[in-house]
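Understanding the architecture of this molecule
In case you want the letters, here they are:
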Amino acid sequence: MELLKDLWNFMRERKKFWLAPIIIILLLLGVLLVVGGGSAIAPFIYTLF
């Protein structure tokens, strides 16, 4: 959680709010790969990449 606080403070102080959607998309893709890596949907996920 410390990393997220630091990242948020960086974006707030330097007015870099355009980074937020990029970070959210990367986090969602990471969660999708971790959750779907060992399941039946894995072949469908890997075709995206």
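Residues numbered from 1 in each chain as written. Predicted model: local features only at pLDDT ≥ 70, side-chain atom pairs only at ≥ 80, totals over all residues. Heavy atoms only, no water.

1. Description of the pattern of salt bridges
Applying the stated criterion to the full structure yields one salt bridge. Here E13 and R14 are joined by a salt bridge, their closest N and O atoms 3.9 Å apart. On the basis of relative accessible area, R14 is assigned to the partly exposed category, the value being 48%. (Salt bridge = Lys/Arg side-chain N within 4 Å of Asp/Glu carboxyl O. Buried < 20%, exposed > 50% of the residue type's maximum accessible area, 1.4 Å probe, protein only.)

2. So, the packing of aromatic side chains
Across all of its chains, the model carries one aromatic pair by this definition. When the ring of W8 is compared with that of F17, the centres are 5.8 Å apart and the planes differ by 55°; the resulting orientation is tilted. The class of W8 is partly exposed, set by a relative accessible area of 43%. Note on F17: relative accessible area 38%, which makes it partly exposed. (Phe/Tyr/Trp six-rings, centres within 6.5 Å; stacked < 30°, edge-to-face > 60°.)

3. A short note on a nonpolar patch on the surface
The grouping of W18, I22, I25, L26, L29, L32, I41, F44 and L48 at the surface amounts to a nonpolar patch, some 940 Å² of accessible area in total. With five residues, the top contributor of residues to the nonpolar patch is helix α2 (residues 19–36). Examined against the element boundaries, I41 turns out to sit in the loop between α2 and α3 (42–46). The partly exposed category is assigned to I41, whose relative accessible area is 44%. (Patch = residues over 30% accessible without salt bridge, like charges linked within 9 Å, V, L, I, M, F, W, Y side chains within 5 Å. Areas by Shrake-Rupley, 256 points an atom, 1.4 Å probe, with all protein chains shown as cover. Helix = DSSP H or I, 4+ residues; strand = E, 2+ residues; numbered from the N terminus.)

4. Describing the packing of helix α1 (residues 2–14) against α2
The contact between α1 and α2 brings their axes to 11 Å, and the two run at 155°. Viewed along their axes, α1 and α2 adopt a mutual orientation that is roughly antiparallel. Contact with α1, carried on its side by L7, F10 and M11, involves L19, A20 and I23 of α2 and no other residues of that element. (Axes fitted to C-alpha atoms, helices over the stretch in contact; angles between N-to-C directions. Parallel < 35°, antiparallel > 145°, perpendicular 65-115°, else oblique. Contact = heavy atoms within 4.5 Å.)

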